[in-house]
Amino acid sequence: LLPVTYYAATRSLPLLNMSAMSSIARATRAAPARMRRAAKGPRRAAARAEIYDNITETIGNTPIVKLKGLAPEGVELYAKCEFFNPLSSVKDRLAISVITDAEAKGLLKPGDTVVEATSGNTGIAVAMVCAQRGYNCVICMAEPFSVERRKIMRMLGAKVIVTPKAGKGTGMVRKAEELCEKHGWFLCHQFENAANPAYHASTTGPEILQDFAGKRLDYWVTGYGTGGTFQGVGRVLKAARPDVKIALAEPEAAGLIASGIKTERKPDGAPKESHPAFSAHPVQGWTPDFIPKVCEDGLNLELMDELVPVTGEESVAASLKMAATNGIFTGISGGGSVAAALKVAATAEPGTVILTMLPDTAERYMSTPLFAAINADMNDEELEIAKSTPSYQLLPGEDPVLAA
């Protein structure tokens, strides 16, 4: 059903929770079926022709798109567009994996409350799955993250608990832990949960292998939030195609991995305190103020070949350029991934093929620096176009003009 390389890879994956993968695979039987059907014709055309039992069955099998006009001549740059997931981010995969795994282990029953600490995308994804499965949902989110994310979660039925900015990521995690301890609720533990990378090892990684079967692939570039994509996909790529180099990106302002300082942990793997190398950065969804255990496990497996620092300005610029030149509408984290890929491309030999990840949509960033230079009102050039014909003019300081 999937490439032979995938089966060879999964049999040799270290630290892989096969029980978790088995339960997740049973709950996502539609994914291999979509892959089979996609092989017979255009992927998205086949997907549109299907009828699904519920929204969670549409998670995964996201397209890979070639980016034009960005990489140096002779270097091919591709992006896996995770905003094609139903709630427009890669975190849909995480949410379905954690909740399905908890159901299989008997940790969730109808009417239970699911809790998570998140910068937004995971919370949106968890709220979606909870709405579909009939669970209550409580999300803890630090104050600086975009307000549109809060509204989306509340529209999906979640309760959003906003924590103080000064508490950073560790503060929202602590709040989530407190709530679960007091009320007996289920905590997703996205930063420590083995079901997170296991799902990427059983879906995202094999999707990449299938799309690049028989084709050259030299680099895979990704950032990290929990590290689930990095670890899960990284294990599969290194097992199936060890020649592929993995470049891991992190914000230059928050060089946690670059510092060489490990995160101190509690017995459950959660961070004890904020990392000393952390400082605030605009790449929402990347690099909390600690190195997640899921990410650290991937580093311990020596999956990373190269660490690439990226600035907030570079991330925003790359996102804006993708929109203007490729019609690809991705957030700051997607811009950061492409900015990191372009740094890899700058020293790559002609013929090099690079794949990066676009974690989410730009619509999650309307109130962030990504849209700071984009005005709602007409600029001078637009006003001149409006005035070039006499009818239906809405000019500043003048009465509206309808028919001339």
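Look above for the structure.
Since the model is a prediction, treat every value here as computed from it, not as a measurement. (Residues numbered from 1 in each chain as written. Predicted model: local features only at pLDDT ≥ 70, side-chain atom pairs only at ≥ 80, totals over all residues. Heavy atoms only, no water.)

Right, let's talk about the packing of helix α11 (residues 228-240) against helix α13 (residues 293-300) for a bit. Remark: α11 packs on α13, axes separated minimally by 8 Å, with the N-to-C direction vectors making an angle of 35°. Crossing of α11 against α13: the hand is left-handed. Between α11 and α13, the contacting residues are Gly228, Phe230 and Gln231 on the first element and Val294, Cys295, Asp297, Gly298 and Leu299 on the second. The residue makeup of the contact of α11 with α13, split by class, is 4 nonpolar, 3 polar and 1 charged. (Axes fitted to C-alpha atoms, helices over the stretch in contact; angles between N-to-C directions. Helix = DSSP H or I, 4+ residues; strand = E, 2+ residues; numbered from the N terminus. Left-handed = near helix turned anticlockwise from the far one by under 90°. Contact = heavy atoms within 4.5 Å. Nonpolar A, V, L, I, M, F, W, Y, C, P; charged D, E, K, R; others polar.)

Along the chain, the position of lysine 91 falls in helix α5 (residues 91-104). As a buried residue without a salt bridge, lysine 91 has its nearest oppositely charged side chain in glutamate 116, at a separation of 9.0 Å. Dropping the residues within four chain positions of it, lysine 91 is found in contact with Asn121, Thr122, Ala125, Gln190 and Thr226. (Buried < 20%, exposed > 50% of the residue type's maximum accessible area, 1.4 Å probe, protein only. Lys, Arg positive; Asp, Glu negative; His and termini not counted. Salt bridge = Lys/Arg side-chain N within 4 Å of Asp/Glu carboxyl O.)

For helix α15 (residues 332-346), which comprises 15 residues, the first-to-last C-alpha distance of 21 Å matches the rise-based estimate of 21 Å (1.5 Å per residue) to within 8%. Counting buried positions along α15 gives 12 out of 15 residues, so the element sits mostly inside the fold. (Expected span 1.5 Å × (residues − 1).)

For the rest of this paragraph, the subject is the packing of aromatic side chains. Any two aromatic rings considered together are summarised by their centre-to-centre distance and by the angle between their planes. For the structure on display, the rule yields 4 aromatic pairs. Measuring from ring centre to ring centre gives 5.7 Å for tyrosine 78 and phenylalanine 212, while their planes differ by 90°; the resulting arrangement is edge-to-face. Here tyrosine 78, found in strand β2 (residues 76-81), pairs with phenylalanine 212, found in the loop between α10 (204-211) and β7 (219-222); they are 134 residues apart in sequence, far enough to count as distant. For the pair tyrosine 78 and phenylalanine 212, a shared accessibility class is recorded, and that class is buried. The ring of tyrosine 365 carries the charged tip of arginine 149 above its face, separated from the ring centre by 4.8 Å. (Phe/Tyr/Trp six-rings, centres within 6.5 Å; stacked < 30°, edge-to-face > 60°. Lys NZ or Arg CZ within 6 Å of the ring centre and 35° of its normal.)

Right, let's get into the sheet that holds strand β10 (residues 353-358). Strand order in the open sheet formed by 6 strands is β1-β2-β10-β7-β8-β9, and the pairing between neighbours is mixed. Of all the strands in the sheet, just β1 (64-67) and β9 (306-310) have a single pairing partner and so form its edges. When strand polarity is set aside, the average angle formed by the axes of neighbouring strands in this sheet is 25°. Judged from the 6 bridges that link them, β2 and β10 form a sheet pairing that is parallel. The partner of cysteine 81 across the bridge, within β10, is leucine 358. (Pairing = 2+ DSSP bridges.)

Taken together, 4 strands build an open sheet; the order of strands is β5-β4-β3-β6 and the sheet is parallel. Each edge of the open sheet carries a strand with a single partner, namely β5 (159-163) and β6 (186-187). Helix α7 (residues 147-155) contacts β4 (136-142) and β5 of the sheet and is inclined by roughly 155° relative to β5.

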